[in-house]
Amino acid sequence: MESFRSLTVTQRDQILVEQQVFDIFKTFYNLPPSSQSFMLELQRENHVEYLTKGLTGLGPSFCVLDANRPWICYWILHSIALLDEFVDPELEDNTIDFLSRCQGPNGGYAGGPGQMPHLATTYAAVNSLVTLGGDKALSSINREKLYMFLRQMKDASGGFRMHDGGEIDVRACYTAISVASLLNILDDELVQNVGNYILSCQTYEGGISGEPGSEAHGGYTFCGLATMILINEVDRLDLSSLTDWVVFRQGVEGGFQGRTNKLVDGCYSFWQGGIFALLKRLNSTKRVKPIPLGDGEGSGEESPQTTASSDAAGEEGLNEDLSLGGSHSEIGDQHNTSSQVNVIDIDHNHSKGHANVEPLFNSLALQQYILLCSQELNGGLRDKPGKSRDHYHTCYCLSGLSVCQRSWLEDEDSPPLPRAVLGPYSNLLEPIHPLYNVVLDRYWGAHEFFTKS
Ligand SMILES: CC(C)=CCC/C(C)=C/CC/C(C)=C/COP(=O)(O)OP(=O)(O)O
Ligand SMILES: [Zn+2]
């Protein structure tokens, strides 16, 4: 009590509000009467301990999820980075060596040494190495061969196959385009007709399915939307119906479901929450004049869009790399006669430093779900109470939490206001780049490295 009295009025208010909010949660989630508001605290140390243990067994004897080992690296390393922690140098070296052994002789990464390269594990390995950062990790990626692998996975229809002879789907498009963009090897050949494929997967509900004719799902909607932004064709999607679809995926529990009539699950905190992070940036961009389409029009001159892109290059925040700007616009031009969203050209002037955008979802309710229902107090996060923790859910619950904490912020460079962060402010996680889901400063490290080399 004495220490309570010594707090400022604002600090006391914050504690009292937290206590009242927690009492409401207790009733709502039917928590035991003994539950305390410390349950709203992110159990950082326990999460780091759980995650670090998971990374130590990647050697040959580690055969759980044998074909998914780069994924385990990514889920763990990204979670540790979100918590602003580092792995010790020996573990880091072992992880880089392990991932190098997963790299195929003809490019791309497999689920384990000697296995067949696969786009999903290539995405996981590249994101892991970007998250580790530094010369050793980043230069271990053979970009020339990886480019050849991506070209081999490209189908005549425009989509990508997950592996040699494998299925074509929206995940494959996203993982290929995301990796190529991060490594600065994206070109018109890789982009050709991807937009048409994604467009054919937007369903009558507004979300995006894995393949044409299937059901809209949060995982695929994130992948499809992020891909369309990366290739600068996002305006081709029906963004209004996509927004309606994702808004209605938040349940009364605060968490998100992946698709209509299914249960909420902590991992959709990112797959659906990440969609809001992308939409927020799209909504805060200026519209630029359409690129002239007619023969000869504007010939010899930069299009307005290209001009805007190059003007923005190298500027603050996420603007430069939320899309690839006008560089692939000639492919997009086959269809586009309306104005295009230029995500590069974010207008910071009217909002810098202020929390002035209202999220399109209930961010505090989602934080409640993550902290109270998905968090295991002794480390790790899960789908929902009654399920066990795992590294996948830990990664995507924490990624979603980071997105929530910044859902009011237009300017990603400034820290969120305390009221945007549920629980103590020490719950604040590192910001992510929402197109790739890597921690923002690791993204910038990779960006610098691959722009120079
Ligand atoms: C980058 C990358 C590889 C992204 C993958 C995206 C992703 C999570 C796709 C979801 C796939 C899917 C249809 C799950 C449904 O599972 P379910 O039927 O068990 O779950 P549900 O009941 O919640 O729909
Ligand atoms: Zn899940």
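Before reading further, recall that the structure is shown in the block above.
Please read these numbers as outputs of a predicted model, since none were measured by experiment.

**Focus on the side chain of Thr175**
- Within the secondary structure, Thr175 sits in helix α9 (residues 170-182).
- Residue class for Thr175 comes out buried when judged on its relative accessible area of 5%.
- Within the local environment of Thr175, its side chain forms a polar contact with the backbone oxygen of Ala172, the two atoms lying 3.2 Å apart.
- Excluding anything up to four places from it in sequence, Thr175 contacts Leu119, Ala120 and Tyr123.

**A closer look at the site of ligand 1**
- In the neighbourhood of ligand 1, 13 residues make up the surrounding shell, with His217, Arg259, Lys262, Tyr268 and Trp271 lying closest.
- Lys262 has a polar side-chain atom sitting 3.0 Å from an oxygen atom of ligand 1.
- Considered on its own, ligand 1 offers 640 Å² of accessible surface; in the complex 70% of this is hidden by protein.
- Listed by contribution, the elements that provide at least two residues to the shell around ligand 1 are α9, α12 (218-230) and α14 (268-271).
- Among the residues forming the shell around ligand 1, the class breakdown is 8 nonpolar, 2 polar and 3 charged.

**Looking at the coordination of the zinc ion (ligand 2)**
- Looking at the zinc ion (ligand 2), the protein donor atoms are Asp265 (OD), Asp265 (OD), Cys267 (SG) and His393 (NE2), and they sit 2.1 to 2.6 Å from it.
- Around the zinc ion (ligand 2), the 4 donor atoms sit at angles spanning 55 to 120 degrees, and that spread fits a shape best called irregular.
- Binding-site remark: the zinc ion (ligand 2) is held by donors from one chain whose sequence spacing is D-x1-C-x125-H. Of the two residues, Cys267 is situated in the loop between α13 (239-247) and α14 and His393 in helix α19 (residues 391-405); the sequence distance between them amounts to 126 residues. Neither Cys267 nor His393 differs from the other in exposure class; each is buried.

Cut-offs used in this document
Residues numbered from 1 in each chain as written. Chains lettered and ligands numbered in written order. Predicted model: local features only at pLDDT ≥ 70, side-chain atom pairs only at ≥ 80, totals over all residues. Heavy atoms only, no water. Helix = DSSP H or I, 4+ residues; strand = E, 2+ residues; numbered from the N terminus. Buried < 20%, exposed > 50% of the residue type's maximum accessible area, 1.4 Å probe, protein only. Polar contact = N/O pair within 3.5 Å; in protein donor to acceptor, adjacent residues only side chain to side chain. Contact = heavy atoms within 4.5 Å. Near = heavy atom within 4 Å. Areas by Shrake-Rupley, 256 points an atom, 1.4 Å probe, with all protein chains shown as cover. Nonpolar A, V, L, I, M, F, W, Y, C, P; charged D, E, K, R; others polar. Donors = N, O, S within 2.8 Å, 3.2 Å for Na, K, Ca; no water. Tetrahedral: all angles 85-135°; square planar, octahedral: opposite > 155°, others 65-115°.

So, to be careful, I would describe these as geometric facts and stop short of saying anything about function.
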